[in-house]
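Next come the chains, spelled out residue by residue.
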Amino acid sequence: MKMLIMIKNQLKLLFNNRMSIFIMIAAPLLLTWLFSISNISGKTNIYLADNDKSKASKQLISMIEKHEDLSVTILSEKDIKNKIDNDDIDNGAVIDAGYERSLNNGKALGDVKLIENYDNPDGQNLSSTILSEENVLQKITVDSKKISNVMKVNNEQVSKKLIYKVNSDSSISSSYKDINASQKTEDKTTERLIGFLVMFIWFVVVQGFRTLIEERENNTFNRIKGTPTSYLKYLASKIIATYILGLTVIAAILLVGKYALKASIVNNIFPEASIFAIYLFAVVGIVMIFVPFVKKHQTFTILGSVLMVLTGMLGGSFFSIDELTVPKVFQIISKCMPENWGIKALKDVIFNNLPLSSEMLCIVILLSTGVLGLLISIILININMKSEKDF
């Protein structure tokens, strides 16, 4: 009961700073919105080679060209390979000869190949777009055959009408583009929101523990030690209150992001919530390690800001290190950042609809980090308290 009262008092103290809480919630949402609108007008250049030169291959290219965010350039396969080898472009796609024949036989999905030197986001987007449009074209081909056989009409005319309907009627288009949930495309707004949210959790935790530093500055720390209440229990109430604050901020950001920014989030609720909670626990453990060493709350805030930005950049909050051409040492450092594991697990459960059990490696690493951080911090705090008492 006494512990609950202490937690309640700590929560009152934390939630009294309304401006700080507003910044915690608004900052990742604002950054996500700004990054989203900055790319609205930008088009991705894609390069295609048509080795089939059939009506079907031309129709596929036409369907890809209808994507407003894509700018299609037709080149030969040789030119695409040369441009990739010279690092002029990152990737391209080739429609193989015999594509139309394979399409009519229901086996066309393997006749468009992606050419790239290394995995990159544009290549993944291009592959996803082509696969989506191939699925549509394949289904139109199958349906037109069935309709023409039943109605005894020309198959080509039926196919043209279906394509026209798909292109002009969004409701029909959506029924043809019925892609499995596990193949859901990672939309950029959600991806950015995840990245900025896991980064700003550091700021939330630092603000939660700042009162521990302030208590040392104004000598409240010594008065607390002189009370009958165990200091470790008092410290536990601080940690729990900070954890509750973090969960509250995460929930608020996710809800605003879902309804205001239209982010594809809070769908696979239990795995998402579990990973956010585990990631928050890891950050709490890491930040607590620094508490025994810092004497001023201004220093603690600056240190927290540096940690937030540095781990965010290296951990993938802004961009994935794996997608960049960087020295191997940076890729190794990136693997040590909690953001890297948190973002990876969240993307899997949000975009691929995977169960929580599939992310056991990430969960074990984050939980171990949190437990280890808390144990180290408690040991250091006990050592400090004993040395001050002996002094």
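Provided above is the structure to which this section pertains.
Because the structure is predicted, anything quoted here is derived from the model rather than measured.

Engineer: Explain the pattern of salt bridges here, please?
Structural biologist: Any two side chains of opposite charge can pair, given that their charged atoms come close. Counting across every chain of the model gives eight salt bridges. Notably, a salt bridge pairs Lys238 with Glu215, separated by 2.9 Å at the nearest N-O pair. One end of the pair, Lys238, is in helix H11 (residues 231–260); the other, Glu215, is in helix H9 (residues 188–217), and 23 residues separate them in sequence. On the accessibility criterion, Lys238 (1% relative accessible area) is buried. With relative accessibility at 8%, the residue Glu215 sits in the buried group. Of the charged contacts in the structure, one is a salt bridge between Glu359 and Lys344, with a shortest N-O distance of 4.0 Å. Taken as a pair, Glu359 in the loop between helix H15 (338–351) and helix H16 (360–390) and Lys344 in helix H15 lie far apart in primary sequence, 15 residues in all. A relative accessible area of 42% means that Lys344 is categorised as partly exposed.

Engineer: Help me understand the sheet that holds strand S1 (residues 44–50), please; the structure alone is not making it clear to me.
Structural biologist: By definition, the strands of a sheet pair up through backbone hydrogen bonds, in either a parallel or an antiparallel sense. Ordered by their spatial adjacency, four strands build an open sheet running S2-S1-S3-S4, and the pairing between neighbours is mixed. Lying at the two open borders of the sheet, with one neighbouring strand each, are strand S2 (70–74) and strand S4 (112–116). For this sheet the average axis-to-axis angle between neighbouring strands, irrespective of direction, equals 30°. Sheet analysis places S1 next to S2, joined by five bridges and oriented parallel. Its bridge partner lying in S2, Ile46 is registered against Val72.

Rules used in this analysis
- Residues numbered from 1 in each chain as written.
- Predicted model: local features only at pLDDT ≥ 70, side-chain atom pairs only at ≥ 80, totals over all residues.
- Heavy atoms only, no water.
- Salt bridge = Lys/Arg side-chain N within 4 Å of Asp/Glu carboxyl O.
- Helix = DSSP H or I, 4+ residues; strand = E, 2+ residues; numbered from the N terminus.
- Buried < 20%, exposed > 50% of the residue type's maximum accessible area, 1.4 Å probe, protein only.
- Pairing = 2+ DSSP bridges.
- Axes fitted to C-alpha atoms, helices over the stretch in contact; angles between N-to-C directions.

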